[in-house]
Amino acid sequence: MPRVRTLLAVAALMLATSTACGGEDDADRGSVAAATWAGAVCSALGPWRTEIDSLMTRAQQRMDSAANADQAKTGLLELLGGAENASEQARSKVAAAGVPDAENGRQAAKEFADTLRRTRDAYGKAKEKVTTLQTGDSTKFYDGVSAAFKELEKDYSAGALNLDKVKSKDLQKAFDEVEACR
């Protein structure tokens, strides 16, 4: 399970530090002040990261104390289902933040929401795979868990935030200055 913790920590860092400088295209601007939008995004991601960390801690504790594959499966499903739900809640809040008045603002808003959607879907897909695993043969069960988490890692990496799509001096400045993003 340490690999799962690392995966989730990397994903949280990718989302927490997801800004870049560049682009001067004003055709993609929205109506929400860049600082307001950045604050809303960071305010959505903070609780998401906290929930993922909490789920990871509980799952690790359950895995450490699991007497059998059934108990391990219960802990893993709690982790994956909780991460799926937390990702959807964060996605919903990011989508509700609107479109920032910044270069590439429309694309940035879309990419942030889409990244959380892909994250949600990756957790959901892993949850479905673990749900179908039989626990009678613990070796097969843990092999299946390993395969599900390898696929989760692959899906997570493939769905990572594409910084090339969100280049914006305005947003970089907003993320750097807004208290909620520190």
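This structure is a prediction, so every number in the text was calculated from the model and none was measured. (Residues numbered from 1 in each chain as written. Predicted model: local features only at pLDDT ≥ 70, side-chain atom pairs only at ≥ 80, totals over all residues. Heavy atoms only, no water.)

Colleague: Is there a simple way to explain the overall build of the protein in this structure?
Modeller: When helices and strands are tallied, the protein shows six helices and two strands. Across the 182 residues of the protein, 47% fall into the buried class. Contacts in the protein between residues at least 24 apart in sequence constitute 86% of all its contacts with a sequence separation of at least 6. Carbon and sulfur atoms make up 49% of the accessible area of the protein, which totals about 8,900 Å². (Helix = DSSP H or I, 4+ residues; strand = E, 2+ residues; numbered from the N terminus. Buried < 20%, exposed > 50% of the residue type's maximum accessible area, 1.4 Å probe, protein only. Contact = heavy atoms within 4.5 Å. Areas by Shrake-Rupley, 256 points an atom, 1.4 Å probe, with all protein chains shown as cover.)

Colleague: I tried to follow the side chain of Arg120 on my own but got confused; where do I start?
Modeller: Take Arg120: it is sitting in helix H4 (residues 105–132). The residues contacting Arg120, other than those within four sequence positions of it, are Glu84, Ser87, Glu88 and Arg91.

Colleague: Would you mind going over the packing of aromatic side chains with me for this structure?
Modeller: What describes a pair of aromatic rings is the distance from one ring centre to the other and the angle between the planes of the rings. All told, the structure shown has five aromatic pairs when counted by the stated rule. Aromatic pair Trp37 and Phe112: ring centres 5.4 Å apart, planes at 85°, arrangement edge-to-face. Of this pair, Trp37 sits in helix H2 (residues 34–65) while Phe112 sits in helix H4, and the two are 75 residues apart along the sequence. Take Trp37 and Phe112: they sit in the same class, and that class is buried. (Phe/Tyr/Trp six-rings, centres within 6.5 Å; stacked < 30°, edge-to-face > 60°.)

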